[in-house]
Amino acid sequence: MENQYTTESLKEAIKALEIKQAEEGQLVKEQLLNTYENLKPINILRNVIKEFYSTDKYKQDFVEIVAGMTTGFLTKKIVIGRSRNPLLKIVGLAIQFGITTLVSRKYNALKDSALHFISRFLDEKEDKTENVKATQNQ
């Protein structure tokens, strides 16, 4: 036996479906706008940077690489300077590469050594100032 529909029940069903379609259409539009915003290059870059900074391993690797490259570059500039000699430039690049690799691989040991050196230097400076103050008070 088939269901018999009245005109009123069909109109109500159509009205309910139209409301549901309008709601789903609005959700699709919102999702499309959200997708559009997320696919903009600046937002992609922003999300990549956020993800990068939220992971400790990437932060540590980034710091090690930057420290290595900076140290290598500075060493090359100190050793070679502004030479125009192509042979010296090649030697400078080799030195830069070597120092960069060394610092990147041994970053933690070098950081600990540098911090120890700095703290010793500051401790010695404090001892000297305390000695000077003690002699002034006498």
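You'll find the structure just up there.
Figured I'd write up the structure that's included with this text. (Residues numbered from 1 in each chain as written. Predicted model: local features only at pLDDT ≥ 70, side-chain atom pairs only at ≥ 80, totals over all residues. Heavy atoms only, no water.)

**Details of the overall build of the chain**
Along the chain, the regular secondary structure elements total 5 helices and 0 strands. When the helices and strands of the chain are placed in sequence order, the string is α-α-α-α-α. Here the chain, with 138 residues, has 8% of them falling under the buried criterion. In the chain, 51% of the contacts between residues at least 6 apart in sequence involve partners at least 24 apart. (Helix = DSSP H or I, 4+ residues; strand = E, 2+ residues; numbered from the N terminus. Buried < 20%, exposed > 50% of the residue type's maximum accessible area, 1.4 Å probe, protein only. Contact = heavy atoms within 4.5 Å.)

**Focus on the packing of helix H3 (residues 56-80) against helix H4 (residues 86-105)**
At a minimum axis separation of 7 Å, H3 and H4 run at an interaxial angle of 150 degrees. By the angle class used here, H3 and H4 are roughly antiparallel. Crossing hand, H3 versus H4: right-handed. Along its contact with H3, which presents Glu 64, Ile 65, Ala 67, Gly 68, Met 69, Thr 71, Gly 72, Phe 73, Thr 75, Lys 76, Val 79 and Ile 80, the element H4 presents Leu 88, Gly 92, Leu 93, Ile 95, Gln 96, Ile 99, Thr 100, Val 103 and Ser 104. (Axes fitted to C-alpha atoms, helices over the stretch in contact; angles between N-to-C directions. Parallel < 35°, antiparallel > 145°, perpendicular 65-115°, else oblique. Left-handed = near helix turned anticlockwise from the far one by under 90°.)

**Describing a nonpolar patch on the surface**
A contiguous nonpolar patch, built from Ile 42, Leu 45, Ile 49, Tyr 53, Phe 62, Val 63 and Val 66 and spanning about 620 Å² of accessible area, is present on the exposed surface. Of all elements in the fold, only helix H2 (41-54) and H3 reach the threshold of two or more residues within the nonpolar patch. Top contributing element to the nonpolar patch by residue count: H2, with 4 residues. (Patch = residues over 30% accessible without salt bridge, like charges linked within 9 Å, V, L, I, M, F, W, Y side chains within 5 Å. Areas by Shrake-Rupley, 256 points an atom, 1.4 Å probe, with all protein chains shown as cover. Salt bridge = Lys/Arg side-chain N within 4 Å of Asp/Glu carboxyl O.)

**Section: a positive patch on the surface**
A grouping of Lys 77, Arg 82, Arg 84 and Lys 89 is seen on the molecular surface, where their side chains present a positively charged patch. As for its position among the elements, Lys 89 is in helix H4. (Lys, Arg positive; Asp, Glu negative; His and termini not counted. Charge placed at Lys NZ, Arg CZ, Asp CG, Glu CD.)

**Quick look at the pattern of salt bridges**
Inspection of the entire model under this criterion finds 1 salt bridge. Glu 37 is the salt-bridge partner of Lys 40, the closest N and O atoms lying 3.2 Å from each other. With a relative accessible area of 29%, Lys 40 lands in the partly exposed category.

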